[in-house]
Amino acid sequence: MSRVRRSAVSTPAPVQRGRGRDRHGRGIRSSATGPYLPPLQTRIDNFDMTVASTVDYLRSVWPEQLGDVRFVVAAGPSSVLPAIGVERWAVNAAERRVVFYRLPIQRLTRLHRNDDLHRRMVIESCVFRAIAELLGKDPWDLAPDRFRHF
């Protein structure tokens, strides 16, 4: 079987594909939100911002106890505990670290109203309960002045 050799002169240059995605002459793609709309906020962003703002508030109330604590957000726990189920957070007092598991908090909590306010309240309550567990206090004792108007 003989091999056919191609000449270097007749080989066309490679075509550049994907530059601007100009298919069928319709122009390049625009952003999903358009030029005049704000960028989309995802559930992950909202969760991270809620945890961060709640932790910042509690650090301002308890600066000595929470100054060296690390707060981490993870997608979910690596295993399910037989007697407890899926953990919402994990507290490691020896390492001074609290891990919040985003997916169990967001998806396994039953809300009586599924809106932004109630989702934020669930996240804040999980942060309060995890920090109360770390400090050995009741969650209502962490910020007594915050709930005075109720």
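Refer to the preceding data block for the structure.
Residues numbered from 1 in each chain as written. Predicted model: local features only at pLDDT ≥ 70, side-chain atom pairs only at ≥ 80, totals over all residues. Heavy atoms only, no water.

**Some points on the pattern of salt bridges**
Side-chain pairing between opposite charges can occur once the charged atoms of the two side chains come close.
Item 1. According to the stated counting rule, one finds 4 salt bridges in the structure shown.
Item 2. The salt bridge involving arginine 96 is made with aspartate 68; its shortest N-O contact spans 3.3 Å. Residue arginine 96 is found in the loop between β2 (89-92) and β3 (97-101), and its partner aspartate 68 is found in the loop between α2 (63-66) and β1 (70-74); the two are separated by 28 residues along the sequence.
Item 3. We note a salt bridge from arginine 119 to aspartate 116, for which the minimum N-O separation is 2.5 Å. Here the residue arginine 119 and the residue aspartate 116 both occupy positions in helix α4 (residues 116-135), the gap between them amounting to 3 residues, near one helical turn. (Salt bridge = Lys/Arg side-chain N within 4 Å of Asp/Glu carboxyl O. Helix = DSSP H or I, 4+ residues; strand = E, 2+ residues; numbered from the N terminus.)

**Details of the side chain of histidine 118**
Item 1. Along the chain, the position of histidine 118 falls in helix α4.
Item 2. Assessed through its relative accessible area of 13%, histidine 118 is described here as buried.
Item 3. What histidine 118 contacts, discounting residues up to four positions off in sequence, is Leu111, His112 and Arg113. (Buried < 20%, exposed > 50% of the residue type's maximum accessible area, 1.4 Å probe, protein only. Contact = heavy atoms within 4.5 Å.)

**Observations concerning helix α1 (residues 43-61)**
Item 1. The terminal C-alpha atoms of α1, which comprises 19 residues, lie 27 Å apart, in line with the 27 Å expected from a rise of 1.5 Å per residue.
Item 2. What α1 keeps buried is the set Phe47, Thr50, Val51, Thr54, Val55 and Leu58. End-on, the buried residues of α1 take up no more than an arc of 125 degrees, which puts them together on one face. Of the exposed residues in α1, the ones pointing more than 90 degrees away from its buried face are Asp56 and Ser60.
Item 3. Each element contacted by the buried residues of α1 is listed here: α2, β1, β3, α3 (102-107) and α4. (Expected span 1.5 Å × (residues − 1). Arc of directions from axis to C-beta.)

**Considering the sheet that holds β3**
Item 1. The sheet built from 3 strands is open, its strands ordered β1-β3-β2 with mixed pairing. One side of each edge strand has no neighbouring strand; the edge strands of this open sheet are β1 and β2. Each adjacent strand pair in this sheet contributes to an overall mean axis angle of 15 degrees, direction not counted.
Item 2. Here β2 pairs with β3 via 4 bridges, running antiparallel. Looking across to β3, one finds that tryptophan 89 is bridged to phenylalanine 100. (Pairing = 2+ DSSP bridges. Axes fitted to C-alpha atoms, helices over the stretch in contact; angles between N-to-C directions.)

**Comments concerning the environment of alanine 75**
Item 1. The topology assignment puts alanine 75 in the loop between β1 and β2.
Item 2. Sequence separation of alanine 75 and valine 99 is 24 residues, and the distance between their C-alpha atoms is 9.9 Å.
Item 3. Residues in contact with alanine 75, not counting those within four places in the same chain, are Tyr101, Arg102, Leu103 and Pro104.

**With respect to the nonpolar core**
Item 1. Counting residues in each nonpolar core, the largest one holds 23 residues, and the members touching the most others are Leu66, Phe100, Ile131 and Leu142.
Item 2. Mapped onto this core, the elements with two or more residues apiece are α1, β3 and α4.
Item 3. With 10 residues, α4 is the single largest residue contributor to this core.
Item 4. Not counting chain neighbours up to four residues away, the residues in contact with leucine 142 comprise Leu58, Val61, Trp62, Phe128, Ile131, Ala132, Leu135 and Lys137. (Core = buried A, V, L, I, M, F, W, Y, C linked by side-chain atoms within 4.5 Å.)

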